[in-house]
Amino acid sequence: MQTKTMERLQYISQGQTLAEQKSNILKALDAGSKWIQIRWKEASNKQLYILAEQIKQACSEFDAYCIINDYPEIAKDIDADGVHLGLDDCRIIAARDLLGPEKIIGGTANSFADVKQRILENCDYIGLGPFGYTTTKQKLSPLLGIAGYKNIIQQVRQEGLPSIPIFAIGGIKDLEDIHHLTQIGVYGIALSGMITQTPHIVSSINKLLV
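What counts, and at which threshold
- Residues numbered from 1 in each chain as written.
- Predicted model: local features only at pLDDT ≥ 70, side-chain atom pairs only at ≥ 80, totals over all residues.
- Heavy atoms only, no water.
- Disulfide = S-S within 2.5 Å.
- Buried < 20%, exposed > 50% of the residue type's maximum accessible area, 1.4 Å probe, protein only.
- Helix = DSSP H or I, 4+ residues; strand = E, 2+ residues; numbered from the N terminus.
- Phe/Tyr/Trp six-rings, centres within 6.5 Å; stacked < 30°, edge-to-face > 60°.
- Lys NZ or Arg CZ within 6 Å of the ring centre and 35° of its normal.
- Core = buried A, V, L, I, M, F, W, Y, C linked by side-chain atoms within 4.5 Å.
- Contact = heavy atoms within 4.5 Å.

### Digging into the state of the cysteines
- The full count for this structure, using the stated rule, is 0 disulfides.
- Cysteine C59 is unpaired, with the sulfur of C66 as its nearest cysteine sulfur at 4.5 Å.
- Using a relative accessible area of 0% as the deciding quantity, one classes C59 as buried.
- Free of any disulfide, C90 has its nearest neighbouring cysteine sulfur in C123, separated by 13 Å.
- According to the relative accessible area criterion, C90 is partly exposed, its value standing at 27%.

Here's what the structure looks like:
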């Protein structure tokens, strides 16, 4: 299992083409992002592999984490720092067997039951959401809002489950949202549009997450 200090801000990449993806990621890195999750649902395996190779090199130059969404085989081939898996993707245990104990494996969750499952699966962090409405997912789960996160975090504590970093994700629009989420015990924030549209906001977000 990953033992390094976990970054508290994740940038989840956006873009319809390889050029758009790479440009957005490089802007995020240049603005200070230290955790890049490559997410490109429309790409072919070949396109994704090309992008992943290029971004892994860029992340190394910026001393940033490179995480691949959905594809543990690509993560292994390019020696990425890890993989993020949705609830319907490859199982955590299978990814762990493939990638080994040192790589980061994160998992999506939409409810307390999902969070409990992910903790029992021994993943390294959980992306819990969506916080609000987002256009980055076609099949959107029920929105959690502040109350939803607060309730799930309380349930985790009440059941005495092992502590694991929980990242809020999905439809987070402004710094006020981030401030409220950190106040209720969310470990970190995963963002797409907010950083894609205004990369320079990374420094302000990092100050909130200290």
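### Some points on the environment of I50
- You can see I50 is positioned in helix 2 (residues 45–61).
- Each C-alpha atom of the pair I50 and I78 lies 9.8 Å from the other, and the pair is 28 residues apart in sequence.

### Examining the packing of aromatic side chains
- Within this structure, the stated rule accounts for 6 aromatic pairs.
- Each ring, one from W35 and one from Y125, has its centre 5.5 Å from the other, and the planes form 85°; the classification is edge-to-face. With W35 in strand 2 (residues 35–38) and Y125 in strand 6 (residues 125–128), this pair connects stretches of sequence that are 90 residues apart. An identical accessibility class is assigned to W35 and Y125; each is buried.
- Consider the rings of Y125 and F167, whose centres lie 5.4 Å apart with planes at 75°: the pair is edge-to-face. Here Y125, found in strand 6, pairs with F167, found in strand 7 (residues 166–169); they are 42 residues apart in sequence, far enough to count as distant. For the pair shown, Y125 and F167 are each scored as buried.
- Taken together, the ring pairs in this structure connect W35, Y65, Y125, F167 and Y187 into an aromatic cluster.
- Here the basic side chain of R8 rests over the ring of Y187, its NZ or CZ set 5.2 Å away from the ring centre.

### Section: the nonpolar core
- In this structure, I38 and I189 are the most contacted members of the largest nonpolar core, which totals 58 residues.
- The dominant element in this core, judged by the number of residues it contributes, is helix 2, at 6 residues.
- Beyond its immediate sequence surroundings of up to four residues, I38 is in contact with S13, I25, L48, L51, A52, I55, C66, I67, I68 and N69.

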